[in-house]
Amino acid sequence: GRGHSSSLKTRHLIFVVNGSGARKKEYYEDSSISPNIGRLAREGFVFEEDHCDTAASHRTCFEELIQRFPYCVRKSYGDEAAKYWYIKDGSLTPSIMKEFRPRILIFHETRHDAGHGRGGYPRAKTGYEEYLDIVKETDENVGRIADWVRGDPYFSKNTAIVIRPEFGRDDEVNVYGELHHSHGYYYTHRVASIYWGPDFNNGV
């Protein structure tokens, strides 16, 4: 792009927003729950104390997270809109990347909000249990994406993966088995941002 260092290898970014509130306690700190994200974290760079100021509004937090930087990148490179993609189905990633070669593809997983449960009503499966299932499914999706990038002759040399939720979730599961995202909790406001790719250092 114009004005950018030719020494940079990264040409494509897959931005995984494991969104609607995901705690680093599950997706980063516990590799038995999220082994694939754990591998990316070990191979890449992690900012363990990324601060989320707002934690109540999904829309506001998502917009704060992704709206500004794709616009700035697009403006900087003079790109057309077709180089920037937003999807909610991670399985589409390889086909979209191969066919359109977007500069940025955002995979937004929004199902983590199952952690809210049913507002205090008892049920066979708690909100936290549903949330854990989605954390594991997201990790599996990330693993498939990362394995595809690693194995592709073109994208393996020039593609970065970044993982970050809009915000976390509360420190504790409540008495109803629900895990909300409320202001004032450490795990709600502090998330881990994971950066993996050819231009990122390894470390924490």
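For the structure, see preceding data.
Reading the values: the criteria
Residues numbered from 1 in each chain as written. Predicted model: local features only at pLDDT ≥ 70, side-chain atom pairs only at ≥ 80, totals over all residues. Heavy atoms only, no water. Helix = DSSP H or I, 4+ residues; strand = E, 2+ residues; numbered from the N terminus. Rg over C-alpha atoms; globule rule 2.2 N^0.38 Å. Buried < 20%, exposed > 50% of the residue type's maximum accessible area, 1.4 Å probe, protein only. Areas by Shrake-Rupley, 256 points an atom, 1.4 Å probe, with all protein chains shown as cover. Lys, Arg positive; Asp, Glu negative; His and termini not counted. Charge placed at Lys NZ, Arg CZ, Asp CG, Glu CD. Salt bridge = Lys/Arg side-chain N within 4 Å of Asp/Glu carboxyl O. Arc of directions from axis to C-beta. Contact = heavy atoms within 4.5 Å. Core = buried A, V, L, I, M, F, W, Y, C linked by side-chain atoms within 4.5 Å. 1 Å grid on protein atoms, 1.4 Å probe; cavity = no way out; pocket = protein on both sides within 12 Å on 5 of 7 lines; lining within 4 Å. Points joined across faces, edges and corners; volume = space filled by probe spheres on them. Nonpolar A, V, L, I, M, F, W, Y, C, P; charged D, E, K, R; others polar. Disulfide = S-S within 2.5 Å.

Draft legend 1. View of the overall build of the protein chain. Scanning the protein chain from terminus to terminus reveals 7 helices and 6 strands. Starting at the N terminus and walking to the C terminus, you meet the elements of the protein chain as β-α-α-β-α-α-β-α-β-α-β-α-β. In summary, the protein chain has a C-alpha radius of gyration of 17 Å against a globular reference of 17 Å for 204 residues, a match within 12%. Reported as C-alpha extents along the three principal axes, the dimensions of the protein chain are approximately 55 × 30 × 30 Å. Taken across its 204 residues, the protein chain has 46% of its residues classed as buried. Approximately 10,200 Å² of the protein chain is accessible, and the part contributed by carbon and sulfur atoms is 52%. When the 28 positive and 30 negative side-chain charges of the protein chain are each reduced to one mean point, those points stand 7 Å apart.

Draft legend 2. Region of interest: the pattern of salt bridges. Applying the stated criterion to the full structure yields 13 salt bridges. In this structure, Glu26 engages Arg23 in a salt bridge whose closest nitrogen and oxygen atoms are separated by 2.4 Å. Linking Glu49 and Lys24 is a salt bridge whose minimum nitrogen-to-oxygen distance equals 3.2 Å. Of this pair, Glu49 sits in strand S2 (residues 45–51) while Lys24 is found in helix H1 (residues 24–27), placing the two residues 25 residues apart along the sequence. On the basis of relative accessible area, Lys24 is assigned to the buried category, the value being 2%.

Draft legend 3. Structural detail: helix H2 (residues 35–43). Within H2, the full set of buried residues consists of Ile37, Gly38, Leu40 and Ala41. Taken down its axis, H2 places every buried residue within 160° of arc, on the same side. Looking at the buried residues of H2, the elements they touch are H1, S2, helix H6 (127–151), strand S5 (159–163) and strand S6 (190–196).

Draft legend 4. Here's a closer look at the nonpolar core. If you look at the biggest cluster of nonpolar residues, it comprises 35 residues, and the most contacted ones within it are Ile14, Tyr27, Leu40, Ile161, Ile163 and Ile194. Among the secondary structure elements, those contributing two or more residues to this core are strand S1 (12–18), H2, helix H5 (93–100), strand S4 (104–109), H6, S5 and S6. The dominant element in this core, judged by the number of residues it contributes, is H6, at 8 residues. Residues in contact with Ile163, not counting those within four places in the same chain, are Val16, Asn18, Ile37, Leu40, Val142, Ala192, Ser193 and Ile194.

Draft legend 5. Summary view of the layout of surface pockets. The space that makes up the largest pocket amounts to roughly 320 Å³. Surrounding the largest pocket, 16 residues form its lining, Thr10, Leu13, Val73, Tyr77 and Arg103 being those nearest its centre. When residues of the lining of the largest pocket are assigned to their parent elements, the largest contribution, 4 residues, is made by helix H4 (residues 68–77). Taken together, the residues of the lining of the largest pocket sort by class into 9 nonpolar, 4 polar and 3 charged.

Draft legend 6. Molecular detail of helix H3 (residues 58–66). Within H3, burial applies to Cys61, Phe62, Leu65 and Ile66. Taken around the axis of H3, the buried residues stretch over an arc of 110°, which confines them to a single face.

Draft legend 7. Focus on unusual backbone geometry. Phi at Ser20 is positive, roughly 60°, even though this residue is not glycine. Among the secondary structure elements, Ser20 is positioned in the loop between S1 and H1. The phi angle at Arg101 is positive, at roughly 50°, despite the residue not being glycine. For Arg101, the location among the structural elements is in the loop between H5 and S4.

Draft legend 8. Examining the environment of Tyr128 more closely. Mapped onto the secondary structure, Tyr128 falls in helix H6. Tyr128 sits 48 residues away from Tyr176 along the chain, and the two C-alpha atoms are 9.2 Å apart. Beyond its immediate sequence surroundings of up to four residues, Tyr128 is in contact with Arg23, Glu26, Gly115, Val173, Gly177 and Leu179.

Draft legend 9. Local environment of the state of the cysteines. Applying the stated rule across the entire model yields 0 disulfides. Cys52 takes part in no disulfide bond, and the closest cysteine sulfur, belonging to Cys61, lies 7.1 Å away. On the basis of relative accessibility, which here comes to 4%, the residue Cys52 falls in the buried class. The exposure class of Cys61 is buried, given its relative accessible area of 4%.

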